[in-house]
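Residue strings, one per chain:
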Amino acid sequence: MVHSSRMKVSSSVFVKGIRGTDPIVTDKLSQVAFVGRSNVGKSSLINRLCNKTNLVKVSHKPGKTVEINYFLINGTSYFVDLPGYGYARVDPVEKEKLQKLIIWYLTASGAKPSIVVLVLDSKVGLTEFDQQMIEILREQNHPFVLAANKIDKLTQKEVSQKLAAIAKEAGGVEVIPTSTLSHDGVKLLLQRLV
Ligand SMILES: Nc1nc2c(ncn2[C@@H]2O[C@H](COP(=O)(O)OP(=O)(O)OP(=O)(O)O)[C@@H](O)[C@H]2O)c(=O)[nH]1
Ligand SMILES: [Mg+2]
């Protein structure tokens, strides 16, 4: 990542999508990985962080991202957009495949992300799947932060309550409230990824 106190994304380019072993996984450039339940806004957050509307495809339907997508940021690091897990209405066979791909990336691929952003829907809070993901991240010693996204769906008061609950349940992990609609927290999150 760029060594500046005020990180800015001045270029972002799609490199490739992978579904398994690939040299890019152990590339020497650092990678910031975005994981979380399907439909929480991982791809939208990457677009917002990069100031683009269409770098990554997003959809109202969960299960939009089906590969591990690499984006080159400022020519110096990667944002890695992972498929989502745990959405009830996604086809079970496809769900299982995506789940395996996510677990492979985090545990067996050899990837050493400099930080993982675990994205949540702040209205939903931490699900059992998210707790399992936190366990995996801890076991694998991947540094991570939580992005509590979609805070635009909550009132100010609800945001405080939800954030406190999430922070408590996550056991002291840093929680950054974000919205890709209002842009709240996006700059803060970006600084955290430097
Ligand atoms: N209200 C609100 N909606 C959001 C926000 N961020 C994303 N969305 C919407 O949530 C839906 C899913 O967004 P995506 O970015 O595709 O979510 P994802 O986590 O990448 O989903 P998968 O690829 O299926 O894992 C889209 O309809 C987005 O417009 C937000 O901050 N607030
Ligand atoms: Mg996505």
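See the structure printed just above.
Residues numbered from 1 in each chain as written. Chains lettered and ligands numbered in written order. Predicted model: local features only at pLDDT ≥ 70, side-chain atom pairs only at ≥ 80, totals over all residues. Heavy atoms only, no water.

**Examining the sheet that holds strand S4 (residues 77-81)**
Sheet strands line up and pair through hydrogen bonds in the backbone, either parallel or antiparallel. Put simply, the rule reads: When DSSP finds two or more bridges between a pair of strands, those strands are recorded as paired. Going along the chain from the N terminus, every DSSP run of H or I of four or more residues is numbered as a helix, and every run of E of two or more is numbered as a strand. Orientation is described by axes fitted as lines to C-alpha atoms, over the contacting stretch for helices, and by angles from 0 to 180 degrees between their N-to-C directions. Only heavy atoms enter the contact rule, under which two residues are in contact if any of them lie within 4.5 Å.
Read from one edge of the open sheet, 7 strands run S1-S3-S4-S2-S5-S6-S7, paired in mixed fashion. Unpaired on one side and paired on the other, strand S1 (12-18) and strand S7 (175-177) mark the two borders of the sheet. The sheet shows a mean angle of 25 degrees between the axes of neighbouring strands, direction not considered. Relative to S4, strand S3 (residues 68-73) runs antiparallel, the two sharing 5 bridges. Within S4, the residue paired with Asn-69 across the bridge is Asp-81. Strand contacts of helix H1 (residues 42-49): strand S2 (30-36), S4, strand S5 (115-121) and strand S6 (144-149), with the helix running at about 150 degrees to S4, the strand carrying the most contacts.

**Observations concerning the site of ligand 1**
What counts is decided by this rule: Near residues are defined by distance, with any heavy atom within 4 Å of the molecule or strand qualifying the residue. The definition of a polar contact used here is a pair of N or O atoms within 3.5 Å, where within protein one atom must be able to donate a hydrogen and the other to accept one, and adjacent residues in sequence count solely through side-chain atom pairs. Each accessible area is a Shrake-Rupley result for a 1.4 Å probe, and residues are judged covered by the shown protein chains and nothing else. The residue classification treats Ala, Val, Leu, Ile, Met, Phe, Trp, Tyr, Cys and Pro as nonpolar and Asp, Glu, Lys and Arg as charged. All others, Gly included, are polar.
Taken together, 23 residues sit near ligand 1, with Ser-38, Lys-42, Ser-44, Gly-63 and Asp-152 positioned nearest. Between ligand 1 and Gly-41, the relevant distance is 2.9 Å, taken from an oxygen atom to a main-chain nitrogen or oxygen of the residue. One of the backbone N or O atoms of Ser-59 is found 3.4 Å from an oxygen atom in ligand 1. Protein chains bury 90% of the 660 Å² of accessible surface belonging to ligand 1 in isolation. It is H1 that contributes the most residues to the shell around ligand 1, 3 residues altogether. Classifying every residue of the shell around ligand 1 gives 4 nonpolar, 13 polar and 6 charged.

**Some details on the nonpolar core**
The cut-off we apply is this: Take the buried Ala, Val, Leu, Ile, Met, Phe, Trp, Tyr and Cys residues and link them wherever side-chain atoms come within 4.5 Å; each set so joined is a nonpolar core. Buried residues are those whose accessible area, probed at 1.4 Å on protein chains only, stays under 20% of the maximum for their type, while exposed residues exceed 50% and partly exposed ones sit between those limits.
Counting residues in hydrophobic clusters, the biggest one holds 35 residues, and the most contacted among them are Tyr-70, Tyr-105, Leu-106, Leu-118 and Leu-146. Contributions of two or more residues to this core are made by S2, S3, S4, helix H2 (92-107), S5, helix H3 (128-139), S6 and helix H4 (156-169). Once you skip the residues sitting within four places of it in the chain, Leu-146 turns out to touch Leu-118, Leu-120, Ile-166, Ala-170, Val-173, Glu-174, Val-175 and Ile-176. Phe-34, Ile-46, Ile-176 and Leu-193 belong to the second-largest nonpolar core, a separate cluster that totals 24 residues.

**Describing the coordination of the magnesium ion (ligand 2)**
Stated precisely, the cut-off is as follows: Only nitrogen, oxygen and sulfur atoms count as donors, using a 2.8 Å cut-off from the metal that widens to 3.2 Å for Na, K and Ca. Water is left out, so coordination shells may look unfilled.
The protein atoms that coordinate the magnesium ion (ligand 2) are Ser-43 (OG) and Thr-65 (OG1), at distances spanning 2.0 to 2.2 Å. In this pair, Ser-43 sits in helix H1 while Thr-65 sits in the loop between H1 and S3, placing the two residues 22 residues apart along the sequence. Residue class for Thr-65 comes out buried when judged on its relative accessible area of 11%.

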